[in-house]
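Report on the structure
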Amino acid sequence: MNNEPLIFEHSRPGRINRAQSAHLGGDLDDIPDTLRRQRRPGLPEVSELDAVRHYTRLSQKNFSIDTHFYPLGSCTMKYNPRACNTLASLPGFLGQHPLSAVRDSQGILACLWDLQEMLKAVTGMCAVSLTPMAGAQGEFAGVAMIRAYHDARGDDARTEILVPDAAHGTNPATATMCGYSVREIPTDAQGDVDVVALKAAVGPHTAGIMLTNPSTLGVFERRIHEIARIVHQAGGLLYYDGANLNAILGKVKPGDMGFDVIHINLHKTFSTPHGGGGPGSGPVGVSERLHPFIPIPLVGRDDNSAFRWLDEHDLPQSIGRLSAHMGNTGILLRAYVYALMLGREGMVRIADYATLNANYLMARLRAAGFDMALPERRATHEFILTLKHQAKEPGVTAMDFAKRLLDYGFHAPTTYFPLIIPECLLIEPTETESKEALDAFVEAMVAIQAEAEKDVETLKGAPYSLPVRRLDDVQAARELDLRWQANGGMAS
Amino acid sequence: MNNEPLIFEHSRPGRINRAQSAHLGGDLDDIPDTLRRQRRPGLPEVSELDAVRHYTRLSQKNFSIDTHFYPLGSCTMKYNPRACNTLASLPGFLGQHPLSAVRDSQGILACLWDLQEMLKAVTGMCAVSLTPMAGAQGEFAGVAMIRAYHDARGDDARTEILVPDAAHGTNPATATMCGYSVREIPTDAQGDVDVVALKAAVGPHTAGIMLTNPSTLGVFERRIHEIARIVHQAGGLLYYDGANLNAILGKVKPGDMGFDVIHINLHKTFSTPHGGGGPGSGPVGVSERLHPFIPIPLVGRDDNSAFRWLDEHDLPQSIGRLSAHMGNTGILLRAYVYALMLGREGMVRIADYATLNANYLMARLRAAGFDMALPERRATHEFILTLKHQAKEPGVTAMDFAKRLLDYGFHAPTTYFPLIIPECLLIEPTETESKEALDAFVEAMVAIQAEAEKDVETLKGAPYSLPVRRLDDVQAARELDLRWQANGGMAS
Amino acid sequence: MPFIPHTEGDTRAMLATCGVDSLEDLFDEIPPELRANALDGIPAGCDELAVSQLLHARAAQNAQPLCFSGAGAYEHHIPAAVWEITSRGEYYSAYTPYQAEASQGTLQLLYEFQTMVAELTAMAVANASLYDGATALAEAVLMAVRANRKSKSRRILMPRTVHPRYRDVVETIVRHQGIELTRLDYDTAGGHIDPTSLPTEPGDVTALVIPQPNFFGALEDADTLTDWAHAHGALVIGVVNPTAMAVINPPGEWGGAGADIVCGEGQPLGIPLASGGPYFGFMCCKQKIVRQMPGRIIGATVDLEGKRGYVLTLQAREQHIRRSKATSNICTNQGLMTTAATIYMAVMGSAGLENVARQCHANTRALIKQLSAIDGVETVFDRPTFHETVLRLPRPVNGVLEELAGHGILGGVDLARDYPELGHALLVCATETRSEADLDAYAVALREVLA
Amino acid sequence: MPFIPHTEGDTRAMLATCGVDSLEDLFDEIPPELRANALDGIPAGCDELAVSQLLHARAAQNAQPLCFSGAGAYEHHIPAAVWEITSRGEYYSAYTPYQAEASQGTLQLLYEFQTMVAELTAMAVANASLYDGATALAEAVLMAVRANRKSKSRRILMPRTVHPRYRDVVETIVRHQGIELTRLDYDTAGGHIDPTSLPTEPGDVTALVIPQPNFFGALEDADTLTDWAHAHGALVIGVVNPTAMAVINPPGEWGGAGADIVCGEGQPLGIPLASGGPYFGFMCCKQKIVRQMPGRIIGATVDLEGKRGYVLTLQAREQHIRRSKATSNICTNQGLMTTAATIYMAVMGSAGLENVARQCHANTRALIKQLSAIDGVETVFDRPTFHETVLRLPRPVNGVLEELAGHGILGGVDLARDYPELGHALLVCATETRSEADLDAYAVALREVLA
Ligand SMILES: Cc1ncc(COP(=O)(O)O)c(C=O)c1O
Ligand SMILES: Cc1ncc(COP(=O)(O)O)c(C=O)c1O
């Protein structure tokens, strides 16, 4: 009885919501027939109640921060304060046309200006552009600036971007989009970048390196200064993937580590909602030498200290625009509200408690008999547990653990990332979870381990208590069914 | 794993939401110690995330219109348009202090004035006061006006209010609150008021009669004119309980039926939300002769057509005030938005389709073998099914059916009301449900009947798929546990 | 047809199933002479867009000056989480939780609400809400009459320090029950009920009402008043402000035995001002008289498998069971508002609520200091106050308020009508939402107006 | 500590479990010389009340004149249900649906979204969103280069009738891929691409971009353009307005074979203007090139028991699997916006959306009629338009817009910078949210300004 049909299956021809269109619209006699649509699109025809009920019921099938502990590593699933949503949704913000006169936009511009300033302070960079619409677009902007920098110097032999083998997939993919080839740098047994390999890899072909620190392995790259020196000496620049900034907010500034450019995932560190897949926001910060290339628009001030947009006239060497307007403004507002509530002490405490939670959880899981991928290391805001022993004997995988956790009322940690750790769970509790939540998670892990030892089938069959049992990804990719069709047939 | 502890069980001493109080408030040194609180109240100490997660999870344990078909008879559980909520929640409305200057309140006063006018038109009464805060308070206002009327005429022998035996409990309870004794009038086999008994009951002691038409039996009282004549001739007045107005909106006006006073449940007919038990709103409409007694405040207009409050100065004979301000203004606004969207044709159609849905559902259930309480009658917006045969053989009650319906994903109809029909389900589908929803309900009823015939225990054990199995009402009343206590002990 | 999903085909098929030809036929039991012809006076329907534009325009017509009015309705900060959750469809569009198994969300929440309110007031038990503070007081009076079996007089002592509109409402509601409401005057120095002014031999008194803080913001000597009442066989009905409860001695601890019945206006607990409603009334009592309490009460119980769950309980008090003998006619109450209040209290916690109370108090004190420094402005009473105070102006308050409105300031409540004996008296209040700049703005404006 | 639940006791106990003495110890792997000392430049934290007051003040500083600007962002009515549901925590605070079984709500919704978008455009398949319309076009260009295996030139014909900012973004994003963006000029009479102006022997062209309606609001001869492109081995990339799709021939039906890739800005489908974002880009394509599509794609599948369910599929195209060989680097997209758009489309239905389109069109026509009746104001192009048009004014638009602002009117978009050749050209638009009175107000104001 848990099924909710597709909205199209609720549809009945001729059902119309008169509350949304009481009167028939105007005619189209000035548009020739050949330009007119002949057959109506097959949107659902349902009542407003049908739609409300359907999407309310569907929503209940999601796990979310608001309903579950969600320790998804690398994603920083912390509490999204409701005030951020409420305040960013004030009519004065929502109703503003993007091409409004600057004079009529001083309210929003002031917020964006403040946010730029705060992000500069947090990252230790000299300028920030808010326009990238997610982390990956921030990466694009960053690497494109690196390229613009080398190009501006006529240094066009630099064709390669270095990326650690543990890096997030967006890093190599971004390098490619910027026309670079990618060289992977191995990780050593301690989880640090293999400096010997790095030294061997750098050269006049090196455009730069993309790093995140703490790395995707959940540990702090201790030799960051050395790495910076090696890369800089080879003439390359350093890109900082800010997805893990939550771990070091107010503790270390990427600018101080020697990075030339950085993006920040506001939808992680600054707790804007992830919305089931976005919108995010990935502002970029730059050092002095990349400043001329920063993407537009930015918020500046004019002589009488009114805010205004900076564009190609102000920054003629800019890599250009990344969106039709100024990126995900509403998300920036949410981050701004969050930053205001935290303030300077609040930000430092994020790093403190995100780190405490991760180390505590790691300590407890270790005490409970689980294997850590990097047992010698401190956890940062996250850590990796490997189930490679369990995969051999009794024969349950990280995926089995993940699915069984769902039955216990926990969202699963990130599985199988980073790719270099076998059977891994990347666990990021975040600072907004209480000790009790962490303790309950440990209990669940212990209980699942016990189940695994008793009968592997229990885990293999999981989940049991969700709207569906385990889903077949292979069939999804093999027998593509990407849309509903009235006759049930395949799309042509 | 479906348990959600009490919020108090999430509480930890010393947990503070700094986002809600960053700085410590001022001191209280001007208040002597004897007047000061010595021990903090035991409110929960939880994080904002705890609270959000807890109350989000709790909400998912409710059935509601937004998630389920909810054919609760007498309650008119129709779609609550979301626009009503959104628009009534505009900051310009929410921020207004009730004692604002009239000059600063013209916006809200205009809305209330319009609503008064619309309700006059709908009911056929000559004036409407919006102040009663629910149906029962509307009843109180109405009967108090009847009393004020008799009192004003010095007619003080009238000590009795007549109430049909099928009436809603608020009717006799209200009569008592107004200092009347209550005499029940029986219902005849056809579901109409027993006119012979009525004739015998009326007299110089009769203050009035409280009726709802259509009655709580889901049928239209056909001899309403005769009843009105009998009561009026005896010197009594007629009170109309407007809970069932949905059935006759635009079809018959209570004023035309001869009623002297009426209340309207806006949270039924005008689709304001029921909110898990209110707030409601029960405006009263009056005929000319009760006009002087109408409860204050009302909205009036002054000479230059600005709106203003009418109070005891304007209506010195008023029964007085029923709330500290003007009742449930925000609910009135929701009803106003709804009324504007419907308009005159929309209102008539409500009655049409509420009636169609009820008659259709009745016809289908009858065809499926269920017994109707009043098989000869047309259904109005609701109808009664009796399971008295099922209660004998195979031995399942209306309550068993109700609980089993929950497992099938339907909220149960009203059970055991009206009291005069054995093992009854009072079913009100409302006009906002589609034919498919009604068909699915019939299927469920048929399936449950089949289950009952196969094994009564299936129904006796229901529900199975909800957060709890069937709850023990008797223990709740016997071993009173009305609040949580840290030590688990009983309240003293 | 707004909100009606039927297609033409549906309608036809359904009419056929009903065995009739037209929708009209379904109304054939209504005597034809009664049939209305049209809904003149109702405008034609508008779509949501048009209504939305109208309502935006209307909302914009409501000016919202800086608010220094309280008098029973307080502008407090409401954490965003409160209404984002309260307006979820599962709370918003559910009915009264008659089917307990399908309403555990609302029921558990209300059980938590009862606990929180009982904690705030230090009383044993609470109900799940009444309409508002004023009707809660009326119900408390009726309840006292039922509960005080020893008293025959039906006489209630009702101080003039109780909110005048509450007294109006009590008057309206208890009028028909042979109840005598005896006015108690206040001490003109303190603005409170002077316990020494109470008769030593009051005769048969059913109950004494004690407001805390009272309408003037003054704090009553609740301990002495309570002991006096109990000594004379009267019950004590407390009418309290829930925010004040964070810092003021709660009624459960008044005097030797505590108040018997406590009620009040719940609006300060997360409910927007909204031109006066919906708000909610709360009510608590001692355990031994819980069966006399009106309104819904939620109790914990177990299910078939022994698992904890929540139900409406003590229904035998209520109209749907007891009918003409019920404790009250109340049925629908203010469920959604208590939902908001519960979330508000959970988010604020004891520390947060105390902080609000302290901040309100500090702001009001600062305001009084600033205003009473103005020539001709003085405080009227000398009792300790909480959160609100009466000032005397050198000229009629009415006109002053109008001029203040021109400065964008809602300067308080004119007491001329209800307390003419106080002269040009103005009730002012500054909650935690008023900043220092706001207070300054008021002082500047008032100085200008009075200059 | 805002949003951190730890009590002092918790912290102590947890540190002990970690085997350290202080929070600082947990950072001992960070080289000490790197440690930041303070976050100067960040103000001290404020509570929600203070932040709320600041943001209210800031919101009030944004003036909101009557809007006659479009140019890619349209003020449409958004049914209240859309955001009341979209902002539910279960949608708002979930991550990308990696754990499919725990994300069926989002996944089913996105599958519905894909279906709706494919229906609107009459294309075979759609993805689950890209950042915005402009980046969607950039991705479409990159996709076309991958998908058109026969073409070696990497040459894209990019008409000047495409939104100038979209062209800027394409430029930024595809710059490093050896792609040649060839500008196509427009016909000065029609404001569209004149098919007869296209070369008969264009050489190797990878794709032709066709905007419909185009930036000027003019309707392109999409059928002829599509056939021309296909005849020369080029793919067709449509850039369309989703509202227009309700009434305008959709790209899936352009010419003999339909467009190959379609993208556009989703904002008109229930997304507020919000100073430019978040909006969302959509993208569709023919079935045979779906494996070249960037972004998330949801597919239906079955669970262990054969029950239908939904998952992220074709992940082998994506960065987290394919890394440097992925179709795009996009990861997080615009999930919540597509949630709103899906609910918007469901609530409106085909009839509702058509009605919006017709009403927009009627309003824009009426506006043009009124404005072009003013002395010196004339329409610039003669092609049929949808929903937006270019007017020529007798003097620089810049100054006129400023004066109109004084009348509370946002009068449209000045084209001087992007299309100087058009003279004093103004792009105007009136959606269904503009009333007759609004149109009159504009005409009166413009007449006054130009007088
Ligand atoms: C380490 C890392 N880098 C980059 C990204 C990409 O960010 P986004 O998803 O916002 O594009 C992520 C997010 O998944 C990440 O975890
Ligand atoms: C027939 C009837 N009369 C009166 C009432 C009382 O209305 P309310 O609950 O709004 O007080 C109801 C509602 O339950 C009802 O159904």
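Summarised in this report is the structure supplied together with it. Quick caveat: nothing in here was measured; it's all calculated off a predicted structure.

1. Remarks on the overall build of chain A
On a plain count of helices and strands, chain A comes out with 16 helices and 13 strands. Scaling as 2.2 N^0.38, a compact globule of 492 residues should have a C-alpha radius of gyration of about 23 Å, and chain A matches this with 25 Å. Residues counted as buried form 69% of the 492 residues belonging to chain A. Separation of charge centres in chain A, based on 47 positive and 57 negative side chains, amounts to 2 Å.

2. Comments concerning the pattern of salt bridges
Enumeration over the complete set of coordinates arrives at 120 salt bridges over all chains. For Asp-400 of chain B, the salt bridge is made with Lys-460 of chain B, and the minimal N-O distance between the two is 2.4 Å. Taken together, the positions of Asp-400 of chain B in helix α13 (residues 398-407) and Lys-460 of chain B in helix α15 (residues 456-460) put the pair 60 residues apart, joining distant regions of the chain. Judged by its relative accessible area of 2%, Asp-400 of chain B falls in the buried class. Put simply, Asp-481 of chain B and Arg-308 of chain C hold a salt bridge, and the shortest N to O gap is 3.5 Å.

3. Examining the site of ligand 2
Lining the immediate surroundings of ligand 2 are 16 residues, of which Ser-74, Asp-241, His-267 and Lys-268 of chain B together with Thr-332 of chain C lie closest. At ligand 2, the nearby residues belong to more than one chain, namely chains B and C. Side-chain polar atom of Lys-268 of chain B to an oxygen atom of ligand 2: 2.9 Å apart, as the coordinates give it. With respect to ligand 2, the side chain of Thr-332 of chain C contributes an N or O atom lying 2.5 Å from an oxygen atom. Bound to the protein, ligand 2 loses 99% of the 390 Å² it would expose on its own. Element by element, the count of residues in the shell around ligand 2 is highest for helix α6 (residues 135-152) of chain B, at three residues. For the shell around ligand 2, the class distribution of residues is five nonpolar, eight polar and three charged.

Rules and cut-offs
- Every residue gets a number counted from 1 within its own chain, in the order that chain's sequence is written.
- Lettering for chains starts from A, numbering for ligands starts from 1, and both go in the order in which the items are written.
- A pLDDT threshold of at least 70 governs which residues receive local features in this predicted model, and a stricter bar of 80 or more applies before side-chain atom pairs are shown or counted, although totals over entire chains, interfaces and linings include all residues.
- As a rule here, side-chain values come from all non-hydrogen atoms in the structure, and water together with hydrogens is ignored.
- Secondary structure elements are taken from DSSP: a helix is a run of H or I of four residues or more, a strand is a run of E of two residues or more, and numbering for both begins at the N terminus.
- With C-alpha atoms as the basis for the radius of gyration, the globule rule is written as 2.2 Å multiplied by the number of residues raised to the power 0.38.
- Buried, partly exposed and exposed residues are distinguished by accessible area as a fraction of the type maximum, computed with a 1.4 Å probe on protein chains only: under 20%, between the cut-offs, and over 50%, respectively.
- His is not counted here, nor are the chain ends, while Lys and Arg score as positive and Asp and Glu score as negative.
- Here the site of a charge means atom NZ of a Lys, CZ of an Arg, CG of an Asp or CD of a Glu.
- Salt bridges are counted wherever a side-chain nitrogen of Lys or Arg sits within 4 Å of a carboxyl oxygen of Asp or Glu.
- Nearness is judged by heavy atoms alone; a residue qualifies as near a molecule or strand once a single heavy atom is within 4 Å of it.
- Whenever a nitrogen or oxygen atom comes within 3.5 Å of another N or O atom, the pair is scored as a polar contact, on the condition that within protein one atom can donate a hydrogen and the other can accept it, and that pairs from neighbouring residues in sequence are kept only if both atoms are in side chains.
- All accessible areas in this document rest on Shrake-Rupley with a 1.4 Å probe, and a residue is counted as covered only by the protein chains that are shown.
- Gly is put with the polar residues, along with every residue not named as nonpolar or charged; the nonpolar set is Ala, Val, Leu, Ile, Met, Phe, Trp, Tyr, Cys and Pro, and the charged set is Asp, Glu, Lys and Arg.

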